[in-house]
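Structural description and commentary
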Amino acid sequence: DLEPPPYAPCGMELLMRTSAHGGKVAPPWEENAATRPEGPGGNTFLVDSDHPFGPTLRVGPAELPTGQAFHIEASLRRGEPRPGSGQDALVVTTLGRPGSAREHYAFRLNDVPFAGTWRRWRYAYRMPAARPGEQLSWYVWQPGNGEILLDSISIRITAVRPCE
């Protein structure tokens, strides 16, 4: 998915640029995935049936402006140890109060199997404006039985700048 930003007559403003890589996360990321050694001294995030969620980005109400539509750009490297092992994996973004998503946007991480190789994927899509008290969450979910490896996750969130 590569959607253009929402209509913004007064431009867009950067809300956040953050990343998770090497099997390590730091706030505002939460670690849900396991890690697996990959190469000399490096790790990757392992997402499988035992660890169905990848690292999760949470943007809380204090950092999330209300009344402004968002544009999310995400990129990541994905490895698939066996052909088709990641066919069920989804990229998920939710917007709402904790435990109650008002908006739930999910799409396949990748529908083309590339066993034994790493591929970089890029996504860009729109989310509606937040309401007071809502948070935005971004994560990869593996509802199936296969395993996938993730690394070099990068997220950039911009919002429509209000015209004054």
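Just so you know, these numbers come straight off a predicted model, no measurement behind them. (Residues numbered from 1 in each chain as written. Predicted model: local features only at pLDDT ≥ 70, side-chain atom pairs only at ≥ 80, totals over all residues. Heavy atoms only, no water.)

**So, the overall build of the protein chain**
A tally of regular secondary structure across the protein chain gives zero helices and eleven strands. Helices and strands appear in the protein chain in the N-to-C order β-β-β-β-β-β-β-β-β-β-β. The C-alpha atoms of the protein chain give 16 Å as radius of gyration, which agrees with the globular expectation for 164 residues (15 Å, within 12%). Taking the principal axes of the C-alpha coordinates as reference, the protein chain spans close to 50 × 30 × 25 Å. Looking at the protein chain residue by residue over its 164 residues, the buried ones come to 43%. (Helix = DSSP H or I, 4+ residues; strand = E, 2+ residues; numbered from the N terminus. Rg over C-alpha atoms; globule rule 2.2 N^0.38 Å. Buried < 20%, exposed > 50% of the residue type's maximum accessible area, 1.4 Å probe, protein only.)

**A closer look at the packing of aromatic side chains**
By the definition in use, this model includes seven aromatic pairs. Here the aromatic rings of F53 and W141 are separated by 6.2 Å at their centres, their planes lie at 10°, and the arrangement is stacked. Of this pair, F53 sits in the loop between β4 (43–47) and β5 (56–59) while W141 is found in strand β10 (residues 135–141), placing the two residues 88 residues apart along the sequence. The class for F53 is partly exposed, based on a relative accessible area of 33%. (Phe/Tyr/Trp six-rings, centres within 6.5 Å; stacked < 30°, edge-to-face > 60°.)

**What to know about the sheet that holds strand β2 (residues 29–30)**
Sheet architecture is open: five strands sit in the order β2-β5-β10-β7-β8, paired in antiparallel fashion. Of all the strands in the sheet, the pair left with one neighbour each is β2 and β8 (100–108). As paired strands, strand β7 (residues 90–97) and β8 are joined by eight bridges and run antiparallel to one another. Paired with V92 across the bridge in β8 is A106. (Pairing = 2+ DSSP bridges.)

**Remarks on the environment of V59**
Its place among the elements puts V59 in strand β5. Residues V59 and I157, 98 residues apart in the sequence, show an inter-C-alpha distance of 10.0 Å. Not counting residues within four places of it along the chain, the set of residues in contact with V59 comprises M16, L64, Q135, L136 and I157. (Contact = heavy atoms within 4.5 Å.)

**Concerning the side chain of D151**
By the element assignment, D151 lies in strand β11 (residues 148–160). Setting aside residues no more than four positions away along its own chain, D151 makes contact with A20, H21, G22, G23, N43, T44, L76, R77 and W118.

**Quick notes on the state of the cysteines**
Each disulfide consists of one covalent bond between the sulfur atoms belonging to two cysteines. What the rule picks out here adds up to one disulfide. Between C10 and C163 runs a disulfide, and the two sulfur atoms are separated by 1.7 Å. Between C10 and C163 the disulfide shows an S-S torsion of about 115°. By sign, it is right-handed. Taken as a pair, C10 in the segment before β1 (12–20) and C163 in the segment after β11 lie far apart in primary sequence, 153 residues in all. Among the residues examined, C163 registers a relative accessible area of 48% and is labelled partly exposed. (Disulfide = S-S within 2.5 Å.)

**What about unusual backbone geometry?**
Here the residue pair P27 and P28 is connected by a cis peptide bond, since its omega of 15° sits within 30 degrees of zero. Checked against the element boundaries, P28 lands in the loop between β1 and β2. Despite not being glycine, S152 has its phi angle at roughly 50°, a positive value. Relative to the assigned elements, S152 resides in strand β11.

**Here we look at the pattern of salt bridges**
Using the criterion set out here, one finds eight salt bridges in the structure. Note that R122 and E73 form a salt bridge whose closest N and O atoms lie 3.1 Å from each other. Pair noted here: R122 is in strand β9 (residues 118–127) and E73 is in strand β6 (residues 70–79), with a separation of 49 residues, a long-range link. Across the salt bridge formed by E73 and R156, the nearest N and O atoms sit 2.7 Å from each other. Of this pair, E73 sits in strand β6 while R156 sits in strand β11, and the two are 83 residues apart along the sequence. Under the relative-accessibility criterion, R156 is labelled partly exposed at 28%. Put simply, E73, R122 and R156 are held in one network by salt bridges that share partners. (Salt bridge = Lys/Arg side-chain N within 4 Å of Asp/Glu carboxyl O.)

By themselves, these figures tell us nothing about what the structure is for.
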